[in-house]
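Structural overview for review
The residues making up each chain are set out below.
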Amino acid sequence: MKIDILTIFPEMFQSVLSSSIIGRARENGLIDVQCTDIRPFSECKHKNTDDYPFGGGAGMVMLAQPIHDAMAAAMGPDFHGKRIYLGPRGQTLTTGKARSLAREEELILLCGHYEGVDQRALDTCVDEEISIGDYILTGGELAAMVLTDCVARFIPGVLGSAESPEEESFSDGLLEYPQYTRPRDLDGRCVPEVLLSGDHAKIRAWRRRESLAATARLRPDLLASAKLDDQDLKILKELEESCFSES
Ligand code: 4GY
């Protein structure tokens, strides 16, 4: 997978994309992440990348020309993939979206700044707008990092061989069960006994119940689209009943 990020602040990406799991994946050649600085593509005298908005109003708008030319350079002669603009008008990024983007050969991510990008650059240079949530950032760079990180997890080999992106929270639509490590007893707060039992079937059942309980309590909206079997529904009913008897 190749990811090319079009930005006027390429330096923002260096530490994030060189650290931890993404850094390791790049070293191992599993993902090729590059930044393309938009500014050198500007044909303006001072390499400007923005100008005043037609019609007036506060702030600046990113020029179409440098974006158009940076995009053409990033695409090369035979581009196969998706060109994505990070902005709050797009569909919200989800696990499902990240999983499907991870199957693309190449992604080009366009980061906007100021009041936004000339609409004509969006019309001609972008396949899809994606949002990371209902809030406004000062630029698309942080959103591009979030998308890169989230998509990379679904590329085979990026997570260690023992970890699977499909065993994590949200892959079956439920929240994660609680995790514990040493010590067993932390100032009297003990690790649940079942996790020390070595009984893997019992541990699996306990974790499922905890996932269901956490989801019902913290994000009940997720239950509507979660993958639930008859046993899950039985547990949810029990949890609901025990919840009523508590109050
Ligand atoms: N939210 N999700 C987001 C964002 C900043 C438009 C230029 C978001 O993805 N990107 O807030 N991006 C953009 C917003 C004007 C700056």
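See the structure printed just above.
All of the points below concern the structure found in this document. (Residues numbered from 1 in each chain as written. Predicted model: local features only at pLDDT ≥ 70, side-chain atom pairs only at ≥ 80, totals over all residues. Heavy atoms only, no water.)

1. Describing the overall build of the chain
- Looking only at helices and strands, the chain features eight helices and nine strands.
- In terms of C-alpha radius of gyration, the chain reaches 23 Å, well past the compact-globule figure of 18 Å for 247 residues.
- Sorting the 247 residues of the chain into buried and exposed places 39% on the buried side.
- Excluding contacts between residues fewer than 6 apart, the proportion of contacts in the chain whose partners are at least 24 apart in sequence is 75%.
- With the model as given, the accessible surface of the chain reaches about 14700 Å², and the carbon-plus-sulfur share is 52%. (Helix = DSSP H or I, 4+ residues; strand = E, 2+ residues; numbered from the N terminus. Rg over C-alpha atoms; globule rule 2.2 N^0.38 Å. Buried < 20%, exposed > 50% of the residue type's maximum accessible area, 1.4 Å probe, protein only. Contact = heavy atoms within 4.5 Å. Areas by Shrake-Rupley, 256 points an atom, 1.4 Å probe, with all protein chains shown as cover.)

2. Focus: the environment of Ile-235
- Mapped onto the secondary structure, Ile-235 falls in helix α8 (residues 230-246).
- Ile-235 sits in the buried class, given a relative accessible area of 6%.
- Discounting chain neighbours no more than four positions away, the residues touching Ile-235 are Arg-209 and Leu-212.

3. A few points about unusual backbone geometry
- In this model, Arg-182 is joined to Pro-183 through a cis peptide bond whose omega is 5°.
- With respect to the element layout, Pro-183 can be found in the loop between α6 (141-152) and β8 (185-186).
- Not every positive phi belongs to a glycine, and Ser-20 is a case in point at roughly 55°.
- With respect to the helices, strands and loops of the structure, Ser-20 is situated in helix α2 (residues 20-27).

4. Focus on the sheet that holds strand β7 (residues 128-131)
- Ordered in space as β2-β1-β6-β5-β7, the five strands form an open sheet in which the pairing is parallel. Two strands close off the open sheet at either side, each with one partner strand: β2 (32-37) and β7. Taking each pair of neighbouring strands and ignoring which way they run, the sheet shows an average axis angle of 35°.
- Along the sheet, α6 contacts β1 (2-7), β2, β5 (82-92), β6 (106-111) and β7; its crossing angle with β6, the most-contacted strand, is approximately 160°. (Pairing = 2+ DSSP bridges. Axes fitted to C-alpha atoms, helices over the stretch in contact; angles between N-to-C directions.)

5. Digging into a nonpolar patch on the surface
- Taken together, the side chains of Met-12, Tyr-135, Leu-137 and Leu-142 define a hydrophobic patch exposed on the protein surface, amounting to about 350 Å² of accessible area.
- On the secondary structure map, Met-12 appears in the loop between β1 and α1 (14-18). (Patch = residues over 30% accessible without salt bridge, like charges linked within 9 Å, V, L, I, M, F, W, Y side chains within 5 Å. Salt bridge = Lys/Arg side-chain N within 4 Å of Asp/Glu carboxyl O.)

6. Quick look at the site of the ligand
- Leu-86, Ile-132, Gly-133, Tyr-135 and Leu-137 are the nearest of the 18 residues found near the ligand.
- Gly-133 is positioned such that a nitrogen or oxygen atom in its backbone is 3.1 Å from a nitrogen atom of the ligand.
- In this structure, a nitrogen atom belonging to the ligand sits 2.8 Å away from a main-chain N or O atom of Tyr-135.
- Here the ligand, which alone exposes 390 Å², has 93% of that area covered by the protein.
- At the level of elements, β5 and β7 are the ones that each hand at least two residues to the shell around the ligand.
- For the shell around the ligand, the element with the most residues is β5, which contributes three residues.
- Broken down by class, the residue content of the shell around the ligand amounts to nine nonpolar, eight polar and one charged. (Near = heavy atom within 4 Å. Polar contact = N/O pair within 3.5 Å; in protein donor to acceptor, adjacent residues only side chain to side chain. Nonpolar A, V, L, I, M, F, W, Y, C, P; charged D, E, K, R; others polar.)

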